[in-house]
Amino acid sequence: MVLKYTSLKQKDLDYLTFILRNGIVTAKQICVKFEEPTLTRVYSRVRKLMAKGLVKYERIAPKVGVYFGSREARDVTNADVTVPSKATIYTIQHALLMNDLLLFHEFLFEKEGIEFQYQTEREIRFKALGQGSQPNRLQEYNQIRDRIPDAIFVIKKRDGTPIRVWVELELNKKDRKRYDEKFKLFDDLLLNGQFDQIRYFTNLVQIKNAVNKAKRKLINDSKVVVRDIPEEILNDRWEEVKSSGKN
């Protein structure tokens, strides 16, 4: 896109790309991502994008308001992502916490001088389903949703070797059958080298126990790890992530 012939600035496109990649974001997450000095700066730029029909806002609870991109925004940025038609309270906690995890690791690896990239669920879903009518795509997604990770991390080791990590953020315990089916998939992915690690994030003991029990059946069980959701993001202590990082 040639910015010379539009009223959009590069920062506008950066905002749009971040919103589209992550699907649903808060003003605070935009502020953290771009290290803006105040939320006022975020609100000002987002209002400009909303006026152009590129960003939508929805208040889904008294203290929770979120932004998401429009299809016009996807055309402007050429982002290969699926675009949500609305935000719902049923999926919002998982989506926003996943955003925080991505931001946390982005800051962490940058601080440690390690090359890090990620793919969001929106990007992975688009690649798997492509474009099409909304009802058909939703039906297709429901059929393959357990085969789509919440994110993919690509972490480069010091010697330049990339490590591909399938990431799951688990907030609710699933039934045993569903874990068994998913871990069969993990076994295949690890054996054929498509992924180097499966990483679960959860703070619930029952989920940790379920994952650890399910992975015992895998040949590469050591490549499935369970980690706590970092306290820094749960308690909104972003200054600690940016200043010192965490091992």
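In the block above lies the structure referred to throughout.
Not measured: the values here are computed from a predicted model. (Residues numbered from 1 in each chain as written. Predicted model: local features only at pLDDT ≥ 70, side-chain atom pairs only at ≥ 80, totals over all residues. Heavy atoms only, no water.)

A. A look at the side chain of Thr26. Tracing the sequence through the fold places Thr26 in the loop between helix H1 (10-22) and helix H2 (27-33). A residue is classified by how much of its surface remains accessible, and Thr26, at 16% relative accessible area, is buried. Polar contacts involving the side chain of Thr26 include one to the main-chain amide nitrogen of Gln29, which spans 3.1 Å. Apart from residues no more than four positions distant in its own chain, Thr26 is found in contact with Gly65, Val66, Tyr67 and Leu96. (Helix = DSSP H or I, 4+ residues; strand = E, 2+ residues; numbered from the N terminus. Buried < 20%, exposed > 50% of the residue type's maximum accessible area, 1.4 Å probe, protein only. Polar contact = N/O pair within 3.5 Å; in protein donor to acceptor, adjacent residues only side chain to side chain. Contact = heavy atoms within 4.5 Å.)

B. Main features of helix H9 (residues 205-215). Taken as a whole, H9 has its buried residues at Ile207, Ala210, Val211, Ala214 and Lys215. Viewed end-on, H9 has its buried residues packed into an arc of 125 degrees, placing them on one side of the element. At its buried positions, H9 is contacted by helix H8 (176-191), strand E6 (197-201) and strand E7 (224-227). (Arc of directions from axis to C-beta.)

C. Expanded view of the pairing of E7. Pairing analysis gives four bridges linking E6 to E7, with the strands arranged parallel. Among the inter-strand pairings, Arg199 is bridged to a residue of E7, identified as Val225. Following the chain from E6 across H9 to the adjacent parallel E7, one finds a crossover that is right-handed. (Pairing = 2+ DSSP bridges. Right-handed = clockwise from strand over helix to strand, strands pointing away.)

D. Seen up close, the packing of H8 against H9. Closest axis-to-axis distance for the H8/H9 pair is 10 Å, and the angle between their directions is 50 degrees. Judged by the angle between their axes, H8 and H9 are oblique. When the axes of H8 and H9 are compared, the crossing they make is right-handed. Contacts between H8 and H9 involve Arg176, Tyr179 and Phe183 on the former and, on the latter, Ile207, Ala210, Val211, Lys213, Ala214 and Lys215. Of the residues assigned to the contact of H8 with H9, the class counts are six nonpolar, no polar and three charged. (Axes fitted to C-alpha atoms, helices over the stretch in contact; angles between N-to-C directions. Parallel < 35°, antiparallel > 145°, perpendicular 65-115°, else oblique. Left-handed = near helix turned anticlockwise from the far one by under 90°. Nonpolar A, V, L, I, M, F, W, Y, C, P; charged D, E, K, R; others polar.)

E. Quick peek at the sheet that holds strand E3 (residues 116-120). What the five strands build is an open sheet, ordered E3-E4-E5-E6-E7; its pairing is mixed. One side of each edge strand has no neighbouring strand; the edge strands of this open sheet are E3 and E7. Each strand of the sheet is rotated relative to its neighbour by a mean of 25 degrees, with strand direction disregarded. Packed onto the sheet, helix H6 (residues 121-129) meets E3 and strand E4 (151-156) and runs at close to 60 degrees relative to E3.

F. Highlighting the packing of H1 against helix H3 (residues 39-51). The interhelical angle for the contact between H1 and H3, taken along N-to-C directions, is 85 degrees, at an axis separation of 11 Å. Considered as vectors, H1 and H3 are oriented roughly perpendicular to each other. Contacts between H1 and H3 involve Lys11, Asp12, Tyr15 and Leu16 on the former and, on the latter, Arg41, Val42, Arg45, Val46, Lys48 and Leu49. Residues that form the contact of H1 with H3 fall into these classes: five nonpolar, no polar and five charged.

G. Region of the structure containing the packing of aromatic side chains. This model, assessed by the stated rule, comprises 12 aromatic pairs. When the centroid spacing of 5.9 Å and the interplanar angle of 85 degrees are considered together, the rings of Phe18 and Phe34 count as edge-to-face. Linking Phe18 in helix H1 with Phe34 in the loop between H2 and H3, this pair joins segments that are 16 residues apart in sequence. Given the relative accessible area of 4%, Phe18 is considered buried. Since its relative accessible area comes to 18%, Phe34 is described here as buried. Centroid distance Phe116 to Phe153: 5.1 Å. Interplanar angle 80 degrees. Geometry classified as edge-to-face. Of this pair, Phe116 sits in strand E3 while Phe153 sits in strand E4, and the two are 37 residues apart along the sequence. The residues Phe116 and Phe153 share a single accessibility class, namely buried. Put simply, the rings of Trp166, Phe183, Phe186, Phe195 and Tyr200 pair up and form one aromatic cluster. Positioned above the aromatic ring of Tyr15, the side-chain terminus of Arg45 is 5.6 Å from the ring centre. Across the ring face of Phe195, the terminal group of Arg164 is positioned such that the distance to the ring centre comes to 4.9 Å. (Phe/Tyr/Trp six-rings, centres within 6.5 Å; stacked < 30°, edge-to-face > 60°. Lys NZ or Arg CZ within 6 Å of the ring centre and 35° of its normal.)

So far we have only geometry, and geometry alone does not tell us how the molecule works.
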